[in-house]
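# Coordinate inspection notes
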Amino acid sequence: MILVLFILLLTAHCSLLTAFAQFSQTQGNSPLYSARPYAARAPSGLPKALNGVGIDQKLNEQLPLDLALTDENGKSVKLGDYFGKKPVVLSLVYYQCPMLCNQILNGMVTAFKVMAFKPGEEFEVVTVSFDPRETPALAAAKKNTYVNYLPEARRSGAAAGWHFLTADEASIKQLTEAVGFRYHWDEATNQFAHASAIYLTTPGGKLARYFYGIEYAPRDLRLGLIEAADNKIGTPVDQLLLYCFHYDPATGKYGARVMNLMRVGGVATLLGVVVMLFAMRRRGAARVDLQAGT
């Protein structure tokens, strides 16, 4: 009876996962976030200030690693200086943004606080201002703020591995176009109109994952980093998770691979049956021995 109940519960669980996956599938594309360039067939309904604003995914495209940038210490660097060995979390913000950019950075540091992977160890973080007027002093102040938001044990790694950069207009244009980041200056509000996301790249500088919004699930970020690193980081448990979940470009999130989950459930059920039968057999043998002894 226990075995039958277990199988029924597992079947119901898999059915719920299937229904959830079907329900959560996105329909169409979004004027702000799109797995391909947005082709409006009707008014988007966005405020006028957001016309032309959005993020177009350019998965597997190469970033221009020869771009000239300036780090938070005022030193001239190349974008490629931060690539080569580890996957990279890239964010595009501007340091004097009154709200949204801070929310992006808050979402990043919140995920970094609880992830098993640590910035500066398993991955690098590159934050670039898309406002050419901003200075290394602003970048340094922002870096100091966000590194100190991390637990003390993670600060030294983040200080070495989280880079806050500035650039001139030509370099910014190349980088934002490579990423698919569309934004503009809004005179009415005296600030940039832009969407929010972070980007995972391979060690070689190819765009691997887009995560939208201002909150980034540590699980999704971890799985994305493992895949961007070509499975060179992570544990066997992570490999099992990657078997059960896959990245959906339409949502910018990891969703369940329902058939794989059902396969794992089937294997777990079979193992459970084998263990139960083995335990029952041993119990029966122990009873026989006890009766023979008496």
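An account of the accompanying structure is given in this report. Values in this document were obtained by computation on a predicted structure and should not be read as measured data.

## Observations concerning the overall build of the protein chain
Scanning the protein chain from terminus to terminus reveals eight helices and 14 strands. Burial status across the protein chain gives 40% buried among its 294 residues. Just so you have it, the protein chain exposes about 16,000 Å², and 60% of that area is on carbon and sulfur atoms.

## Quick look at the environment of Val89
Looking at where Val89 falls in the secondary structure, it is placed in strand E5 (residues 88–93). Spatially, the C-alpha atom of Val89 lies 9.9 Å from that of Tyr210, the residues being 121 residues apart in sequence. Among all residues touching Val89, those that are not within four sequence positions of it are Met108, Phe112, Phe123, Glu124, Val125, Val126, Ile198, Tyr199, Leu200 and Leu225.

## Details of the packing of aromatic side chains
Taken as a whole and assessed by the stated rule, the structure comprises 15 aromatic pairs. Measuring from centroid to centroid gives 5.4 Å for Tyr94 and Phe130, while their planes differ by 65 degrees, and the two rings are edge-to-face. You can see Tyr94 sitting in the loop between E5 and helix H2 (100–114) and its partner Phe130 sitting in the loop between strand E6 (124–129) and helix H3 (136–147), a full 36 residues away along the chain. Side by side, Tyr94 and Phe130 carry an identical accessibility label, which is buried.

## Brief notes about the sheet that holds strand E7 (residues 162–165)
Read from one edge of the open sheet, five strands run E7-E6-E5-E11-E12, paired in mixed fashion. Of all strands in the sheet, those with a lone pairing partner are E7 and strand E12 (207–212), marking the two edges. Geometrically, the sheet is characterised by an average inter-axis angle of 20 degrees between neighbouring strands, direction not taken into account. In the sheet, E5 pairs with strand E11 (residues 197–201) via four bridges, with the strands oriented antiparallel. The residue of E11 that forms the bridge with Ser91 is Ile198. Contacts between H2 and the sheet are confined to E5, E6, E7 and E11, with E5 contributing the most and set at about 160 degrees to the helix.

Criteria and thresholds
Residues numbered from 1 in each chain as written. Predicted model: local features only at pLDDT ≥ 70, side-chain atom pairs only at ≥ 80, totals over all residues. Heavy atoms only, no water. Helix = DSSP H or I, 4+ residues; strand = E, 2+ residues; numbered from the N terminus. Buried < 20%, exposed > 50% of the residue type's maximum accessible area, 1.4 Å probe, protein only. Areas by Shrake-Rupley, 256 points an atom, 1.4 Å probe, with all protein chains shown as cover. Contact = heavy atoms within 4.5 Å. Phe/Tyr/Trp six-rings, centres within 6.5 Å; stacked < 30°, edge-to-face > 60°. Pairing = 2+ DSSP bridges. Axes fitted to C-alpha atoms, helices over the stretch in contact; angles between N-to-C directions.

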